[in-house]
Number of protein chains: 2
Amino acid sequence: LIELYDMPVSGNCYKVRLLFAHLGVAYRRHSVELGDRFERTELLGALNPALRVPTVVLQDGRSLAESGAILWYFGEGTRFVPVDRYLRAQMPQWMFFEQYEHELTIAVARKRLSYSDPPQVDGRLAELQAAGRKALATLDAHLEGRDYLVGDGMTLADIALYAYTHMADEGFDLSGYWNIGRWLEWIAAEPGHVPTTA
Amino acid sequence: LIELYDMPVSGNCYKVRLLFAHLGVAYRRHSVELGDRFERTELLGALNPALRVPTVVLQDGRSLAESGAILWYFGEGTRFVPVDRYLRAQMPQWMFFEQYEHELTIAVARKRLSYSDPPQVDGRLAELQAAGRKALATLDAHLEGRDYLVGDGMTLADIALYAYTHMADEGFDLSGYWNIGRWLEWIAAEPGHVPTTA
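The next thing to look at is the interface of chain B and chain A. Taken residue by residue, the interface counts 36 residues in chain B and 36 residues in chain A. Sorting the residues of chain B by area buried against chain A places Tyr 86, Phe 96 and Tyr 100 of chain B first, and these three jointly supply 23% of that buried surface. Where chain B touches chain A, the interface holds 4 salt bridges. Here Arg 88 of chain B ties to Glu 76 of chain A by a salt bridge, and the two come within 2.9 Å at their closest N and O atoms. For the pair chain B and chain A, the interface holds 12 residue pairs in polar contact (both at pLDDT 80 or more). Elements supplying a minimum of two residues to the side of chain B that touches chain A: strand E4 (63-65), helix H3 (67-75), helix H4 (85-114) and helix H5 (123-143) of chain B.

Here it is in structure tokens:
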């Protein structure tokens, strides 16, 4: 069986679980606690040099890390990766945007506000929130008139962006982003969809 | 001709120029100044929703952004993308690591120290430097006994990591990272290599 080192609150891990659900991939979950560096070295030291989750171990014992790379490995050759060369490159354009501008502002602001005790409300949070609103506005503008981020079918890019966007209300007011709201409902309505609590 | 919207000091843009040099891709450069948001909207508004460089415009007029996605588009089918499925996914593992843990600490610390007037020396810089050293240590440990990041040939991952690592001395002391030093020399010795000033 495929092993998934997973953290239940992590949107990056949820991306992998969501793709696995759509593809019917059978796997075993190992939960890692937030912030436990010692445990991480014990668990992940030989599997992922960056000591982060998600990390998967394939059936042959080889490991793979970074949510985007794991999505790539399992998504290749399925309906979630476009056949057209240009669309196949637009997909990672949005996946890199997600990791660089979106996850690192939205997920980090969410963690500081909703998963820190006490919440870390400071100038850095304000910077993250401003940058997060910019990322949400970029995403919202792109989704104008579109059902999916790339081409006319669901791709790994939708899975990658859905994860933290649908959690962004833990830190951001999403009410003005109409295209995002519509797209979130659309992705969640896809047959095979599972919530992050599944 | 392919158009490249480019910033000379940007490591992300250099990745694209380095791959183009290796592949013999002919292109025209358009330089964008650091931090000029108004000019960026004028130049890039219709081409890249994130208003960042590098952005390329293909011969058919369609645009593509995010260095990793541009590398992907031009690298597919060349010797810089492994044929083996597992190695082909390990390559983006390192490319996502680069954007998430490496570029966002090393490039941002470099910008605050060496490309800001006056230099922004504060608590945030110290955080970025600590995180940057962790990323360099992760990279150095992975390169132990390896000539290339993935498999036994140069891939897009080497191009992606080379860019800011070889500039990291503008902000970090690289003298203890022996494997990184050896690998930087090795990548620069590859036939077809060009420096960032080319």
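Note on helix geometry: an α-helix contains 3.6 residues per turn, so any two residues three or four positions apart are oriented the same way. Residue and element names in this part refer to chain B. Over its 21 residues, H5 runs 30 Å from end to end, which matches the ideal 30 Å to within 8%, given 1.5 Å per residue. Within the sequence span of H5, burial applies to Leu 125, Leu 128, Gln 129, Gly 132, Ala 135, Leu 136, Thr 138, Leu 139, Asp 140, His 142 and Leu 143. Looking at the buried side of H5, the elements it contacts are H4, helix H6 (156-165) and helix H7 (178-188). Between a side-chain oxygen at the N-terminus of H5 and the backbone nitrogen of Arg 124 the separation is 3.2 Å; the capping residue is Asp 122.

In this section: the pairing of strand E1 (residues 2-6) of chain A. All names here are of chain A. Of all the 5 residues making up E1, 5 are buried; the element is thus mostly covered by neighbouring parts of the structure. Side chains Ile 2, Leu 4 and Asp 6 of E1 all project onto a buried face; the interleaved residues Glu 3 and Tyr 5 project onto the opposite face, where all are buried too. As defined by bridge partners, E1 adjoins strand E2 (residues 27-31) across 5 bridges and the pair is classed as parallel. The partner of Asp 6 across the bridge, within E2, is Ser 31. Between the parallel pair E1 and E2, the chain is carried across by helix H1 (residues 11-23), and the sense of this crossover is right-handed. Alignment of E1 against strand E3 (residues 55-57), held across 3 bridges, turns out to be antiparallel. Paired with Leu 4 across the strands is Val 56, a residue of E3.

Here we come to the relation of the copies chain B and chain A. Least-squares fitting of chain B to chain A yields an RMSD of 0.0 Å, with the superposition described by an axial translation of 0.0 Å and a rotation of 180°. Seen this way, the second copy is the image of the first under a two-fold rotation axis. Of the C-alpha atoms belonging to chain B, the one lying closest to the rotation axis is found on Tyr 100 of chain B, 3.0 Å away. A shared interface surface links the copies, since 100% of the contact residues of chain B are contact residues in chain A too.

Glancing now at unusual backbone geometry. Trans peptide bonds make up the majority, and among non-glycine residues the majority have a negative phi. Going from Val 53 of chain A to Pro 54 of chain A, the amide bond is cis rather than trans, its omega being 5°. Along the polypeptide, Pro 54 of chain A turns up in the loop between helix H2 (37-44) and E3. Geometrically, the link from Asp 117 of chain B to Pro 118 of chain B is a cis peptide bond, its omega value of 0° lying close to zero. Its identity is not glycine, yet Leu 51 of chain B carries a phi of approximately 55°, on the positive side. Locating Leu 51 of chain B in the fold gives a position in the loop between helix H2 (37-44) and strand E3 (55-57). Residue Glu 66 of chain B is not a glycine yet carries a positive backbone phi of 75°. Counting through the fold element by element, Glu 66 of chain B comes out in the loop between E4 and H3. Of the residues examined, Glu 66 of chain B reaches a relative accessible area of 6% and is grouped as buried.

Moving on, we get to the sheet that holds E4 of chain B. Residue and element names in this part refer to chain B. Reading across the sheet, the 4 strands line up as E2-E1-E3-E4 and stay open at both edges, with mixed pairing between neighbours. Every other strand in the sheet has two partners, leaving strand E2 (27-31) and E4 as the edge strands with one partner each. Mean inter-strand twist for the sheet, computed between neighbouring axes without regard to direction, equals 20°. Across the face of the sheet, H3 comes into contact with strand E1 (2-6), E3 and E4 while running at roughly 125° to E4.

Rules used in this analysis
- Residues numbered from 1 in each chain as written.
- Chains lettered and ligands numbered in written order.
- Predicted model: local features only at pLDDT ≥ 70, side-chain atom pairs only at ≥ 80, totals over all residues.
- Heavy atoms only, no water.
- Contact = heavy atoms within 4.5 Å.
- Buried area = accessible area lost by both parts, 1.4 Å probe.
- Salt bridge = Lys/Arg side-chain N within 4 Å of Asp/Glu carboxyl O.
- Polar contact = N/O pair within 3.5 Å; in protein donor to acceptor, adjacent residues only side chain to side chain.
- Helix = DSSP H or I, 4+ residues; strand = E, 2+ residues; numbered from the N terminus.
- Expected span 1.5 Å × (residues − 1).
- Buried < 20%, exposed > 50% of the residue type's maximum accessible area, 1.4 Å probe, protein only.
- Pairing = 2+ DSSP bridges.
- Right-handed = clockwise from strand over helix to strand, strands pointing away.
- Least-squares fit on C-alpha atoms with pLDDT ≥ 70 in both.
- Axes fitted to C-alpha atoms, helices over the stretch in contact; angles between N-to-C directions.

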